[in-house]
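The primary structure of each chain is shown beneath.
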Amino acid sequence: MRIATWNVNSIRARLPRVIDWLASARVDVLALQEIKCRPEQFPGAAFEALGYHVSIWGTNQWNGVALITREPATDVQAGFSGAPAWGVPPAVEPRALGGTVRGVRVWSLYVPNGRSVDDPHYRYKLAWLGRLAHEARSWLAEDPDAQIALVGDWNVAPRDEDVWDIRAFAGETPVTPAEREAFGAFAAQGYRDVVRPLAPTGYTFWDYKHGRYPRDEGMRIDFVLGSPALAARVEDAFIDRAARSGDKPSDHVPVVVQLREEDSAEQRDDWDEDDRPMVL
DNA sequence: ATGGTCGCAACGCGA
């Protein structure tokens, strides 16, 4: 089973690239962020033509999230209980969409952008992460064997090496100790970054401004956090940095995780060494 | 190259 996350910065502006990518990546679940459209504007037919099902959350042009799934997702839920109700305009809840596919609960997350530490959005971001962590803890308390993937744009760079020059970010988002502590709370509960061990270097975002991408001045802020039972199934991970090149790219690239099949009788041989790189 | 980010119900604002 293959799960991917991608902040596409407008699904309508990105549709040809996303469809091309999906046709070659053979993912079972693609979590999208920043679809920048209302549900009725989402170009669902293009995905359905590839055999995918679409679940969407979006209430305005910003920050919408979606789940594109090979099989219909069950228990689709927008947001989590306890999400802060006091969003700072134009911050809009819930920026989270959960669905279950083949026994795996996947949450497509767009963690609020904190802007700067003296901005109300910063406090809001920390509160939002805190509520999500609280909720995620309860999911594992209820079922320690639950297979849960928390995927998306976390807007946090957990380590100094996750930005191109830590000196340029002194005292700023997304590298403040409070943000890193909020992100680290998930690991403390057992949700692990399942990509870094298999893709130890590389960014997931390069700002459009200032020619950041040609100079590889990026940030690693898109993550897949897996519950213990999910992490135990991870056999490979891939950051598709090539998606940042070419015509009309998003400023983020897809992050992909491959899970072992639970029943070896159902092993599919779609992840041979010959397959790498998995996205052509 | 007299410009140098991109997206959006948009000529300002969010990322």
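Residue positions are given per chain, counted from 1 along the sequence in the order it is written. By the order in which they are written, chains take letters starting at A while ligands take numbers starting at 1. Since the coordinates come from a predicted model, pLDDT governs what is reported: local features require at least 70, and pairs of side-chain atoms require 80 or more to be given and counted, while whole-chain, interface and lining totals use all residues. Excluded from the side-chain calculation are hydrogens and water; included are all heavy atoms of the structure.

## A few points about the overall build of chain A
Argument step 1. For the purposes of this entry, the term helix denotes a DSSP run of H or I that reaches at least four residues, the term strand denotes a run of E that reaches at least two, and both are numbered from the N terminus. Of the regular secondary structure elements, chain A holds five helices and twelve strands.
Argument step 2. Each residue is assigned to one of three classes by its accessible area relative to the maximum for its type, calculated with a 1.4 Å probe on protein chains only: buried under 20%, partly exposed between the two thresholds, exposed over 50%. Counting only residues that meet the buried cut, chain A has 56% of its 280 residues in that class.
Argument step 3. The contact definition used throughout considers only heavy atoms, calling two residues in contact when any of these lie within 4.5 Å. Partitioning the intrachain contacts of chain A with sequence separation of at least 6 by distance along the chain shows that 72% fall at a separation of at least 24.
Argument step 4. The method behind every accessible area is Shrake-Rupley, applied with a 1.4 Å probe, and residues are considered shielded solely by the protein chains displayed. Summed over all atoms, the accessible surface of chain A reaches about 11,900 Å², with 51% contributed by carbon and sulfur.

## Overview of the packing of aromatic side chains
Argument step 1. Working definition: a ring pair exists when centres of Phe, Tyr or Trp rings (six-membered ring for Trp) sit within 6.5 Å. Plane angles under 30 degrees give stacked, over 60 give edge-to-face, the rest tilted. The tally for this structure, following the rule as stated, stands at ten aromatic pairs.
Argument step 2. Their ring planes at 75° and their centres at 5.3 Å tell us that Phe80 and Trp128 sit as a pair that is edge-to-face. Of this pair, Phe80 sits in the loop between β5 (74-78) and β6 (96-101) while Trp128 sits in helix α3 (residues 120-142); the two residues are 48 residues apart in sequence, bridging distant segments of the chain.
Argument step 3. You can call Phe80 buried: its relative accessible area is 5%.
Argument step 4. Its relative accessible area of 0% is what places Trp128 among the buried residues.

## A closer look at the packing of α3 against helix α4 (residues 177-189)
Argument step 1. Inter-axis angles, ranging from 0 to 180 degrees, are taken between N-to-C directions of lines fitted to C-alpha atoms, where helices are fitted over the stretch in contact. Taken N-terminus to C-terminus, the directions of α3 and α4 make an angle of 5°; their axes are 10 Å apart at the nearest point. Between α3 and α4, the angle falls in the class roughly parallel. Contacts between α3 and α4 involve Tyr122, Lys125, Leu126, Leu129, Leu132, Ala133, Ala136, Arg137 and Leu140 from the first element and Ala178, Glu179, Ala182, Ala185, Phe186 and Gln189 from the second.
Argument step 2. Lys, Arg, Asp and Glu make up the charged group, whereas Ala, Val, Leu, Ile, Met, Phe, Trp, Tyr, Cys and Pro make up the nonpolar group; the residues left over, Gly among them, are polar. For the contact of α3 with α4, the residue count by class is eleven nonpolar, one polar and three charged. Roughly parallel refers to an angle under 35 degrees, roughly antiparallel to one over 145, roughly perpendicular to one between 65 and 115, and oblique to any angle outside these ranges.

## Examining the nonpolar core
Argument step 1. Here, nonpolar core means buried Ala, Val, Leu, Ile, Met, Phe, Trp, Tyr and Cys residues that are tied together by side-chain atoms lying within 4.5 Å of each other. Ile11, Val27, Leu30, Leu32, Phe42, Phe47 and Val195 are the most contacted members of the largest nonpolar core, which has 53 residues in total.
Argument step 2. Counting residues per element, this core draws most heavily on helix α1 (residues 11-25), which supplies seven residues.
Argument step 3. Setting aside residues up to four positions removed in sequence, Val27 forms contacts with Arg2, Ala4, Trp21, Leu22, Tyr52, Arg70 and Val256.

## As for the side chain of Glu34
Argument step 1. Relative to the helices and strands, Glu34 resides in the loop between β2 (29-33) and α2 (44-48).
Argument step 2. Counting of polar contacts relies on pairs of N or O atoms within 3.5 Å, with two restrictions inside protein: one atom must be capable of donating a hydrogen and the other of accepting it, and residues adjacent in sequence are counted only when both atoms are side-chain atoms. Looking at Glu34, its side chain comes within polar contact range of the side chain of Asn7, at 2.9 Å.
Argument step 3. When residues no more than four places from it in sequence are discounted, the contact partners of Glu34 are Asn7, Val8, Asn9, Ser10, Ile11, Asn63, Gly64, Tyr110 and Asp153.

## Regarding α3
Argument step 1. Compared with the 33 Å implied by 1.5 Å per residue over 23 residues, the 33 Å span of α3 between its first and last C-alpha is a close match.
Argument step 2. Considered for burial, the residues of α3 that qualify are His121, Tyr122, Tyr124, Lys125, Trp128, Leu129, Leu132, Ala133, Glu135, Ala136, Trp139 and Leu140.
Argument step 3. Turning to α3, the residues buried within the fold contact β6, β7 (104-110), β8 (147-153), α4 and α5 (228-231). To estimate the expected span of a helix, count its residues, drop one, and scale the result by 1.5 Å.

## Examining α1
Argument step 1. With 15 residues, α1 should cover 21 Å at 1.5 Å per step; its first-to-last C-alpha distance of 17 Å lies more than 12% under that length.
Argument step 2. To get the bend at any residue, fit one axis to the seven residues that end at it and another to the seven that begin at it, then take the angle between the two axes. The principal kink in α1, of about 40°, is found at Arg17.
Argument step 3. Those residues of α1 that fall on the buried side of the exposure criterion are Ile11, Arg14, Leu15, Val18, Ile19, Trp21, Leu22 and Ala25.
Argument step 4. The inward-facing, buried residues of α1 abut β1 (2-7), β2, α2, β4 (65-69) and β12 (255-259).
Argument step 5. One side-chain oxygen at the N-terminal end of α1 lies 3.4 Å from the backbone nitrogen of Arg12; it belongs to Ser10.
Argument step 6. Once α1 finishes, Arg26 follows within two positions and takes phi at roughly 50°, a positive value.

## Side note on the sheet that holds strand β9 (residues 192-193)
Argument step 1. DSSP calls a pair of strands paired once it identifies at least 2 bridges connecting them. Pairing is mixed in the open sheet, where six strands are placed in the order β5-β6-β7-β8-β10-β9. What marks the edges here is a single partner per strand, and that holds for β5 and β9.
Argument step 2. Pairing of β6 with β7 involves six bridges; the strand directions are antiparallel. Residue Thr100 lies in a different strand from β7, and its bridge partner there is Arg105.
Argument step 3. Packing of α3 onto the sheet brings it into contact with β6, β7 and β8, and relative to β7 it is tilted by some 175°.

## Re the pattern of salt bridges
Argument step 1. Any carboxyl oxygen of Asp or Glu that lies within 4 Å of a side-chain nitrogen of Lys or Arg is treated as forming a salt bridge with it. Taken as a whole and judged by the stated rule, the model has 16 salt bridges.
Argument step 2. A salt bridge links Arg102 to Asp28, with the shortest nitrogen-to-oxygen separation between them at 3.3 Å. Of this pair, Arg102 sits in the loop between β6 and β7 while Asp28 sits in the loop between α1 and β2, and the two are 74 residues apart along the sequence.
Argument step 3. Of the residues examined, Arg102 reaches a relative accessible area of 27% and is grouped as partly exposed.

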